[in-house]
Amino acid sequence: MQHVDAGIETADVVIVGSGFGGLAAAKQLNKSGVRYVLLSGTPEHLFQPLLYQVATGVLASDEIAPPIANIIRHHKNGEARLGTVTGIDADAAVLTYDTPQGERKIRYGKLIAATGASQSYFGRDDFADKTYSLKTIDDAKRLRAQIERVFESAKDADPATRERLLSFVVVGAGATGVEVAGQLKELSKRFFHLDVSVTLVEGAGAVLPPFGGGLSEYAKKSLTRSGVEVMLDTFVTDIEVGKVTVKSKDGVERGIAAETVVWSAGVQVGGFATLLAEATGCETDRAGRLLINPDCTVGGHADIFAIGDMTSLNGYPGQSPVAMQEGRHVADIIRGATRVATPFKYWDKGSMAVISRFSAVTRVNDHIRFTGTIAWFAWLAVHLFYLVGFRNRFAAIFSWLVAFIGHGRPGFDEVEKTTKAKVLAGSNAS
Ligand SMILES: Cc1cc2nc3c(=O)[nH]c(=O)nc-3n(C[C@H](O)[C@H](O)[C@H](O)COP(=O)(O)OP(=O)(O)OC[C@H]3O[C@@H](n4cnc5c(N)ncnc54)[C@H](O)[C@@H]3O)c2cc1C
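The notes below deal with the structure included here.

Rules used throughout
- Residues numbered from 1 in each chain as written.
- Predicted model: local features only at pLDDT ≥ 70, side-chain atom pairs only at ≥ 80, totals over all residues.
- Helix = DSSP H or I, 4+ residues; strand = E, 2+ residues; numbered from the N terminus.
- Rg over C-alpha atoms; globule rule 2.2 N^0.38 Å.
- Buried ≥ 20, exposed ≤ 12 C-beta atoms within 10 Å, placed from the backbone.
- Contact = placed C-beta atoms within 7 Å.
- Pairing = 2+ DSSP bridges.
- Axes fitted to C-alpha atoms, helices over the stretch in contact; angles between N-to-C directions.
- Near = placed C-beta within 6 Å.
- Nonpolar A, V, L, I, M, F, W, Y, C, P; charged D, E, K, R; others polar.
- Core = buried A, V, L, I, M, F, W, Y, C linked by C-beta atoms within 7 Å.
- Left-handed = near helix turned anticlockwise from the far one by under 90°.

Once that is clear, we can look at the overall build of the protein. Looking only at helices and strands, the protein features 13 helices and 23 strands. Here the protein has a C-alpha radius of gyration of 22 Å; the compact-globule value for 430 residues is 22 Å, and the two agree. For the protein, the spread of C-alpha atoms along the three principal axes comes to 70 × 45 × 40 Å. Within the protein, buried positions represent 45% of all 430 residues. Considering only residue pairs separated by 6 or more positions, the protein has 62% of its internal contacts joining residues 24 or more positions apart.

As structure tokens, this is what we get:
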């Protein structure tokens, strides 16, 4: 499909990344039969908003991470390849990428970069080895194995050991932190039937800060009612085995028992974004996000677009609808459906977050807001709609019925021995 010139393969369009932005761009290019190669460091298209449900045994991992090659198999002029981009020559329009078979090069007519973001530890990178994060499917499997290990070990343990094992601290009260904290409480009550301590630590003065006002207050009250201890205006200053040290805004320091620490605070962008910034002279913000042009091009290069979490434009949030809409926008420019240099405009359809079973918050706009059961069903419906593939949707509905109407956790059935062995070194396994 692509041709080879002077030893370097050439593609009309190269998309880097198989997440929300990359997939949306691929689907839009396919509408005009544009030839493209999609390179991704991971073989799957990952539905990150449901990672917490894999971590807590609600869903199985393959339900939220189908292979990208499968999803685009009907695109006649599209091809998915496993490859991590390690270099770019922006003047020659050539990418270098690593594959299981070795290093390769590809020349692009147009480039769409959509490589996402990773976790920030606010200068304490050592926290990465002491905490569980939720960015990749492997992260979710590792956390799930740890959760299963501590609950299983606690069953027959003496009261003091049980209390130690079942102590969780979740850092960051954004949507992921709130969802994880709420699910841990629900797991303990409805599945393992053991008491658990869950502390949610947040540096800002509110839970779910971007929602604000009544929705943040509702989320905090719901969490507190379910037994989660919510600590606002509080920062983590140290993490050691079994203990997290926190400091409140007024300077009071205290230690919290924590066999398991889940880190869901802060975003850092590096990797391919850094390479692109160096190659094009594009500026970045403090988190490393590319400060792209209004039409999503990068620096002075009309042939390079960057979208999604790796970028910053007009203060748009780092959320999947932004990545998808940007992906469609740049694909439309490339396929000639939108005029070159047209600025991207985000259509904000609202945000939602789950707190626990039958409890969620939904913000459609500044006036229309829901809480409780209606918001929870709206959340399920929206996530089902965006989940890729009929089989996955069907499997997810089945798993949700088992977990939310029944008392099961089908995801724990797939905890592999290998993942069990990979829980954090230093955990007090008993
Ligand atoms: C736990 C969690 C919960 C979330 N919940 C929500 C939510 O409820 N609602 C919402 O709207 N948003 C949510 N988000 C944010 C949302 O998932 C992101 O905004 C969205 O995934 C961004 O899409 P993207 O295409 O920019 O990047 P991603 O979806 O992160 O995709 C990045 C892709 O790039 C690939 N890649 C990275 N580096 C390279 C490289 N060098 N070479 C090749 N490939 C590379 C990766 O393998 C991956 O395929 C959540 C995120 C997380 C982590």
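On to the sheet that holds strand 22 (residues 359-363), then. In a beta sheet, neighbouring strands are held together by backbone hydrogen bonds and run either parallel or antiparallel to one another. Pairing is antiparallel in the open sheet, where three strands are placed in the order 21-22-23. Two strands in the sheet have a free side with no partner beyond their single neighbour: strand 21 (351-356) and strand 23 (369-371). The average angle at which neighbouring strand axes cross in this sheet is 5°, direction not considered. Strands strand 21, strand 22 and strand 23 of the sheet are contacted by helix 11 (residues 372-386), whose axis makes an angle of about 75° with strand 22.

Turning next to unusual backbone geometry. A positive phi angle, near 50°, is found at Phe122, a position not held by glycine. Considering the arrangement of structural elements, one finds Phe122 in the loop between strand 8 (118-119) and helix 5 (137-155). Backbone geometry at Asn314 places phi at a positive 55°, although glycine is not the residue there. With respect to the helices, strands and loops of the structure, Asn314 is situated in the loop between strand 20 (311-312) and helix 10 (320-335).

Close to the ligand lie 33 residues, the nearest being Gly17, Gly19, Gly21, Gly116 and Gly308. When residues of the shell around the ligand are traced back to their parent elements, those giving at least two are helix 1 (20-30), strand 3 (36-40), strand 5 (84-89), helix 7 (175-192) and helix 10. Class assignment for the residues of the shell around the ligand results in 13 nonpolar, 18 polar and two charged.

What follows is about the environment of Gly281. Here Gly281 shows up in the loop between helix 9 (272-280) and strand 17 (290-291). Since 12 C-beta atoms lie within 10 Å of it, Gly281 is described here as exposed.

Once that is clear, we can look at the nonpolar core. Counting 69 residues, the largest nonpolar core has Val178, Leu208 and Val361 as the members making the most contacts within it. For this core, the element with the highest residue contribution is helix 7, accounting for seven residues. Leave out the neighbours within four places in its chain, and Leu208 touches Ala173, Gly174, Ala175, Val178, Leu215, Ser216, Ala219, Ala353 and Val361. In terms of nonpolar packing, the next biggest core, distinct from the first, is built from 55 residues, Ile88, Ala117, Cys296 and Ile307 among them.

Okay, the packing of helix 1 against helix 10 next. At a closest axis distance of 7 Å, the pairing of helix 1 and helix 10 adopts a crossing angle of 35°. Crossing angle aside, the handedness with which helix 1 passes helix 10 is right-handed. Along its contact with helix 1, which presents Phe20, Gly21, Gly22, Ala24, Ala25, Gln28 and Leu29, the element helix 10 presents Ser320, Ala323, Met324, Glu326, Gly327, Arg328, Val330, Ala331, Asp332, Ile334 and Arg335. The residue makeup of the contact of helix 1 with helix 10, split by class, is nine nonpolar, five polar and four charged.

Everything listed here is a matter of coordinates, which is why it stays silent on function.
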